[in-house]
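Here are the chains, one letter per residue:
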Amino acid sequence: MILCSILSIDFLAIKFRRMKNSIIKNTAQLLKLAHFDVLFQYKQGFYLVYAILTAVYLLLLFYLPETVRPEVAAYLILSDTSVLGMVFVGALVLLEKQQNVLQSLFITPMKLSTYIFSKAISLTLIATLVSSAIGFIPGAMLDRCLSMLASVILCSLFFTFLGLGVSSRANTLNEYFGGILLAGLVMVVPLALFFIHPVLSMIFPINAAVTLLITPATQQTLVSNIAGISVLICWNIVAYRYAMSQFNKNIIHK
Amino acid sequence: MIRVENLLYSYANQGVPALKNISFKVNDQEIFGFLGPSGAGKSTTQKVMTGILKNYQGSVTLKGREVNNFNKQFYENIGVAFEFPNLYLKFTALENLALFASFYTCEKYDFQELLSRVGLWEDRNLPVEAFSKGMRMRLNFIRAILHKPKLLFLDEPTSGLDPSNSRMLKDFILELRDNGTTIFLTTHNMTDADELCDRVAFMIDGQLPVIDSPEKLKLQHGRKTLKIRYKADMQLETKEFSLHGLGSNNEFLQLINHNEIETIHTQEATLEDIFLAVTGKQLS
């Protein structure tokens, strides 16, 4: 009995150690790849485009009256993380296709999930930096910085996953834009529901993201924030699975 | 190292199978050449062997394990250099190597050693977009071998290289073989196949009608004759003799003793001739 207990504890300890090593190894690989993705984005001029856009957004916000600043900031942030995020991830994948690197990436020990997360993390990093610059200017969203960051990060991850799925099918920018236009419409249409039934509309990702962004801190509740974040997490899981299946089908096992 | 048995593969949208029950084996430390025209099924075979295409029938084993059952660790042991360079154009040569090296946990070559060996060390900090096609091919090759793979797939490795770099790369490939790497070489280039391969397989319409060493094939399909070009009365003449009994052939002995010889060649077949004879098709 005692021997059995010792053996099972040993077995669990070995399993735990293996799992820990695997997590450390995968995380290290993910961070390395994300580093190269940031470098790739920088060298392709993405950071320059983002810097120019951020400067334009900040100028625009400075000249707006403080009463409308939070709403305009919210929609700028949302368009930045969703539309720009999708455009940039599509451009990234198309550039990789054009340079023939995808086929060589997937015949290495690197996992597809590492590739997908690396793209999502690197683009979310830049979206968060830009959104923080916009959101943290006086009179914008300083009062709700935590819900804003949660919205930006989850929204950016979601649209990057979605963009990855669509871009795996496209061979040209036109094909890609056709795909994201359709996906964008499907995502944006539920916004109208916000004016009909605000609570029910929260089940859609864009509505949950908007609610987290525009609700002033004084009107936020813990429940509504957890609900919004949970909805976005669920949609992220769906979008991630979509990206994985589309990449497997259209790129790896084509 | 590799054993392929009755491999059958059909693409979803095509009625005719791309690979029709092909069987072959590749021994350890062997350079195995896969020769055939475009569309013959060479790339499909390579995709199955590298685990990209899964839904095949038959058996493809590496070191006794079915390719379908391999996980991502499988790629620690294989390297693939495609016909067209797969490199990030905005990255420098060093950045490209560092990116791909980051995927492997096994022992790797020193970048300086590799880059110097293929003559790219001086250009290590240039973006690949500034490289010529030959430079990209050389970088593509070392990218495929940087993790010291036990099994290496090469597709037209000397394409776009000048003669001296082509020689350098071929010597490098032979050295890898001698140091224990098994190499699967896909090519149209008969000179490369002849110089590098221990055995070749001809692929045509998804089938492999011939598998043998280049030397044996050339002997089997060649004519056992000797062709001499010589000068007689200031004119260039050609004469062919059977190799059988050549040492006692008076006409031959007279000719070589009393004429100025320009060239002497035995008439073994080239791989190109044999491919045409066996398959009825040109390679390129």
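Residues numbered from 1 in each chain as written. Chains lettered and ligands numbered in written order. Predicted model: local features only at pLDDT ≥ 70, side-chain atom pairs only at ≥ 80, totals over all residues.

Q: Whenever I open this one, the overall build of chain A confuses me. Can you help?
A: For chain A, the count of helices and strands is 10 helices and 0 strands. Along its sequence from the N terminus, chain A presents helices and strands in the succession α-α-α-α-α-α-α-α-α-α. Principal-axis analysis of the C-alpha atoms gives chain A an extent of 70 × 50 × 30 Å. Considering chain A as a whole, with its 254 residues, one finds that 38% of them fall into the buried category. Counting only contacts in chain A whose residues sit at least 6 apart along the sequence, the fraction spanning at least 24 positions is 77%. (Helix = DSSP H or I, 4+ residues; strand = E, 2+ residues; numbered from the N terminus. Buried ≥ 20, exposed ≤ 12 C-beta atoms within 10 Å, placed from the backbone. Contact = placed C-beta atoms within 7 Å.)

Q: When you look at the overall build of chain B in this model, what are you seeing that I'm missing?
A: Helix and strand content of chain B: 9 helices and 13 strands. Expressed along its principal axes, the backbone C-alpha trace of chain B runs to roughly 70 × 50 × 35 Å. By the burial criterion, 37% of the 284 residues in chain B qualify as buried. The contacts in chain B between residues at least 6 apart in sequence include a share of 68% that link residues at least 24 apart.

Q: Help me understand the packing of helix α5 (residues 112-135) of chain A against helix α10 (residues 222-252) of chain A in this model?
A: For any two helices packed against each other, one specifies the inter-axial angle together with the distance between the axes. Residues and elements named next belong to chain A. Viewed as axis vectors pointing N to C, α5 and α10 meet at an angle of 120 degrees, and their least axial separation amounts to 10 Å. With respect to α10, the axis of α5 lies oblique. By crossing handedness, the relation of α5 to α10 is classed as right-handed. Residues Leu-112, Ser-113 and Ile-116 of α5 pack against Tyr-240, Ala-243, Met-244, Phe-247, Asn-248 and Ile-252 of α10. (Axes fitted to C-alpha atoms, helices over the stretch in contact; angles between N-to-C directions. Parallel < 35°, antiparallel > 145°, perpendicular 65-115°, else oblique. Left-handed = near helix turned anticlockwise from the far one by under 90°.)

Q: What is the right way to read the sheet that holds strand β11 (residues 225-232) of chain B from this model?
A: Whether parallel or antiparallel, the strands of a sheet pair through hydrogen bonds between backbone atoms. Residues and elements named next belong to chain B. The 3 strands lie next to each other as β12-β11-β13, forming an open sheet whose pairing is antiparallel. Looking at which strands have only one partner, the edges of the open sheet turn out to be β12 (235-242) and β13 (260-266). Looking at each pair of strands side by side, their axes are set apart by 20 degrees on average, direction ignored. Direction of pairing for β11 relative to β12: antiparallel, over a ladder of 8 bridges. Bridged to Ile-228 within β12 is Lys-239. (Pairing = 2+ DSSP bridges.)

Q: Sorry, what's going on with unusual backbone geometry here?
A: Of all residues except glycine, most have a negative phi; of all peptide bonds, most are trans. Residue and element names in this part refer to chain B. Of note, the phi angle at Glu-156 is positive, near 45 degrees, even though the residue is not glycine. Looking at where Glu-156 falls in the secondary structure, it is placed in the loop between β7 (151-155) and α5 (163-178). Using a count of 17 C-beta atoms within 10 Å as the deciding quantity, one classes Glu-156 as partly exposed. The phi dihedral of Met-234 is positive, around 65 degrees, even though this residue is not glycine. The residue Met-234 is located in the loop between β11 and β12 in this model. What makes Met-234 exposed here is the crowd of 6 C-beta atoms within 10 Å.

Q: Please clarify how the interface of chain A and chain B should be interpreted in this entry.
A: Reports often express the size of an interface as the amount of accessible area lost when the parts come together. With 19 residues of chain A at the interface, the matching set in chain B holds 23 residues. Looking at the side of chain A that touches chain B, the elements with two or more residues in it are α1 (2-43) and α4 (101-105) of chain A. Per element, the largest residue contribution to the side of chain A that touches chain B is 6 residues, and it comes from α1 of chain A. A class-by-class count of the residues in the side of chain A that touches chain B yields 8 nonpolar, 8 polar and 3 charged. (Nonpolar A, V, L, I, M, F, W, Y, C, P; charged D, E, K, R; others polar.)

Q: Explanation requested: the nonpolar core in the structure shown.
A: Soluble, globular proteins show a tendency: their nonpolar side chains are buried together. Counting residues in hydrophobic clusters, the biggest one holds 132 residues, and the most contacted among them are Phe-158, Phe-161, Ala-209 and Leu-213 of chain A together with Leu-185 of chain B. If one sorts the elements of this core by residue count, helix α6 (residues 145-169) of chain A sits on top with 12 residues. Setting aside residues up to four positions removed in sequence, Phe-161 of chain A forms contacts with Ala-120, Asn-236, Ala-239, Tyr-240, Tyr-242 and Ala-243 of chain A. (Core = buried A, V, L, I, M, F, W, Y, C linked by C-beta atoms within 7 Å.)

Q: Looking at this structure, how should I read the pairing of strand β1 (residues 2-9) of chain B?
A: In the case of a regular strand, side chains alternate between the two sheet surfaces. Residue and element names in this part refer to chain B. Across 5 bridges, β1 lies against strand β2 (residues 19-26) in antiparallel orientation. Each bridged residue has a counterpart across the sheet, and for Tyr-9 the counterpart in β2 is Leu-19. Strand direction decides the pairing type here: β1 and strand β4 (residues 57-62), joined by 5 bridges, are antiparallel. Across the sheet, the residue bridging to Glu-5 is Ser-59, located in β4.

The values are spatial; any link to function lies outside them.
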